[in-house]
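# Structural overview
As a plain string of letters, each chain reads:
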Amino acid sequence: MALVPLFILLFVVGVPVWGLDAPEEGLVAVTEDALLLNAGGNRRILANGVDILARFDGMAAILQAQSSTIAFMNSTIVDQTATAKTQMTRITQLNSVVAAQAETLATLSQTQAQTTTTTTTTTAATTTTTPTRTTTTTVSCPSSPPVITTIPGFPQMNNKGLTAVSFCGLTSMHYFDLANNQVTSINMGTVTTITSMYLGFNKITSINFGSLKTITATLYMYSNQLGSINFGSIESISGDVNLSQNQLTSINFGALTYIGGYLDLSYNQLSGFSFPHTLFVVKSVSVCNNPGAATILASCQSRFGGICPNSC
């Protein structure tokens, strides 16, 4: 019983009693360490959160920039689509104009003046009157200044049964296809430049190139009835020249100095001529099946060398 008051006395005086004060100090230390550790973890979590937010902000800026770029591209596509539609409309309009011009030219080419005469036959019993129709072909141009001076498209006038054609003030054409008709003569008139001329399988006996200076592609006049040809003021033909299967006895190259393709003079009636020294032919020259083929071939080989074959 005496021990209890002693314990109470020691506790009041403040003498440490084993088993009571020590655990309290340890608990405080552990708690502070835990708080410090927790605070450090929270700071790291906060820093990571700030970094993630910064990354999200960067990604958002990139997405916004990409969205702006996509919007601009969409706007450009819309503009280009509208421009393409406008161009297609314009092309359609031009095609309509070209078709109308071709039709006008074909109509002018087919203008015919028809006259009717009357023949009277008398017999013993009756008198019969028989109308006889005589057709002559003429092509007339408008009296007023021509509206059409250029045909940029591809008027198709082949296989139309045409017997005559007039250019009526035209100065340039792109593609002139008059093949497989019944035309006997052509005068190019005021035309100065043309891309291609397809005149094969007609009955052409004469052609006047008029003011024509340049053919930027080909000249095909095979299978006609030409007895002679004068290239006149034509200075250059960039493609092929085919005059085969005519009745040519003479050729005057005029101002012509350049043929960018081949020159075919085969199957004609040429007895001999010399190629002018001012003429240059790029590909080949064919002169076979002419009465003077050997003489012409010698002149060709002398002038152009290896581009003149011995046979067709």
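In the block above lies the structure referred to throughout.
## Things to note about the overall build of the chain
Tallying secondary structure elements over the chain gives 3 helices and 17 strands in all. A separation threshold of at least 6 residues defines the contact pool for the chain, and within that pool the share at least 24 residues apart is 17%. Approximately 19,000 Å² of the chain is accessible, and the part contributed by carbon and sulfur atoms is 60%.

## Notes on the packing of aromatic side chains
A complete count under the given rule lists 12 aromatic pairs for this structure. Three or more aromatic residues joined by ring pairs make a cluster, and in this case those are F209, F231, F253, F273, F275 and F304.

## Digging into the state of the cysteines
With the rule as written, the count across this model stands at 1 disulfide. What pairs with C300 in a disulfide is C308, and their sulfur atoms sit 1.7 Å apart. The disulfide joining C300 to C308 has a torsion of about -75° about its S-S bond and is therefore left-handed. Overall, the relative accessible area of 0% leaves C300 in the buried class. Residue classification places C308 among the buried positions, given a relative accessible area of 5%.

## Concerning a nonpolar patch on the surface
A cluster of nonpolar side chains, namely I52, L53, F56 and M59, defines an oily patch on the protein surface of about 420 Å² accessible area. Along the chain, L53 turns up in helix α2 (residues 21-109). With a relative accessible area of 54%, L53 lands in the exposed category.

## Details of the nonpolar core
Counting 50 residues, the largest nonpolar core has F176, I186, M197, I229, F231, F275 and V285 as the members making the most contacts within it. Contributing elements (two or more residues each) for this core: β4 (172-177), β6 (193-198) and α3 (293-304). It is α3 that contributes the most residues to this core, 4 residues altogether. Every residue in contact with F231, bar those within four places of it in the chain, is listed here: F209, L219, I237, V241, L243, I251, N252, F253 and L256.

## Remarks on the pairing of β6
The two faces of a sheet get side chains in turn, since along a regular strand they alternate between them. For β4 and β6, the ladder comprises 5 bridges, and the chain directions are parallel. Among the inter-strand pairings, D177 is bridged to a residue of β6, identified as Y198. When β6 meets strand β8 (residues 214-215), the two strands line up parallel, connected through 2 bridges. What sits directly across from I194, in β8, is I215. Relative to strand β9 (residues 219-220), β6 is paired through 2 bridges, and the arrangement is parallel. Opposite Y198, over in β9, you have Y220 as the bridge partner.

## Digging into the pairing of β4
In terms of burial, β4 is largely enclosed, as 5 of its 6 residues are buried. The pairing of strand β3 (residues 150-151) with β4 spans 2 bridges and is parallel. Residue pairing in the sheet places T150 in a bridge with S172 of β4.

Quick notes on the rules
- Counting of residues starts from 1 at the beginning of each chain's written sequence and follows it residue by residue.
- Whole-chain, interface and lining totals are the exception, using all residues; otherwise, since this is a predicted model, local features are given only for residues with pLDDT of at least 70 and side-chain atom pairs are given and counted only at 80 or more.
- To obtain the side-chain values, all non-hydrogen atoms of the structure were included, while hydrogens and water were left out.
- Per the convention used, a helix needs a DSSP run of H or I reaching at least four residues, while a strand needs a run of E reaching at least two, with both numbered from the N terminus.
- We call two residues contacting when some pair of their heavy atoms lies within 4.5 Å.
- The Shrake-Rupley method, run with a 1.4 Å probe, gives the accessible areas here. Residue values count only the displayed protein chains as cover.
- Only the six-membered ring of Trp is used, alongside the rings of Phe and Tyr, when aromatic pairs are assigned; centres must lie within 6.5 Å, and planes under 30 degrees apart are stacked while those over 60 apart are edge-to-face, with the rest tilted.
- We call a pair of cysteine sulfur atoms a disulfide when they lie within 2.5 Å.
- Each residue is placed in one exposure class: buried if its accessible area under a 1.4 Å probe, protein chains only, is under 20% of its type's maximum, exposed if it is over 50%, and partly exposed if it falls in between.
- Excluding any residue in a salt bridge, patches collect residues exceeding 30% relative accessible area, merging like charges within 9 Å and nonpolar Val, Leu, Ile, Met, Phe, Trp and Tyr side chains within 5 Å.
- Whenever Lys or Arg places a side-chain nitrogen within 4 Å of a carboxyl oxygen from Asp or Glu, that contact is recorded as a salt bridge.
- Here, the term nonpolar core denotes a set of buried Ala, Val, Leu, Ile, Met, Phe, Trp, Tyr and Cys residues that are joined through side-chain atoms within 4.5 Å.
- In this scheme, strands are said to pair when DSSP sees at least two bridges between them.

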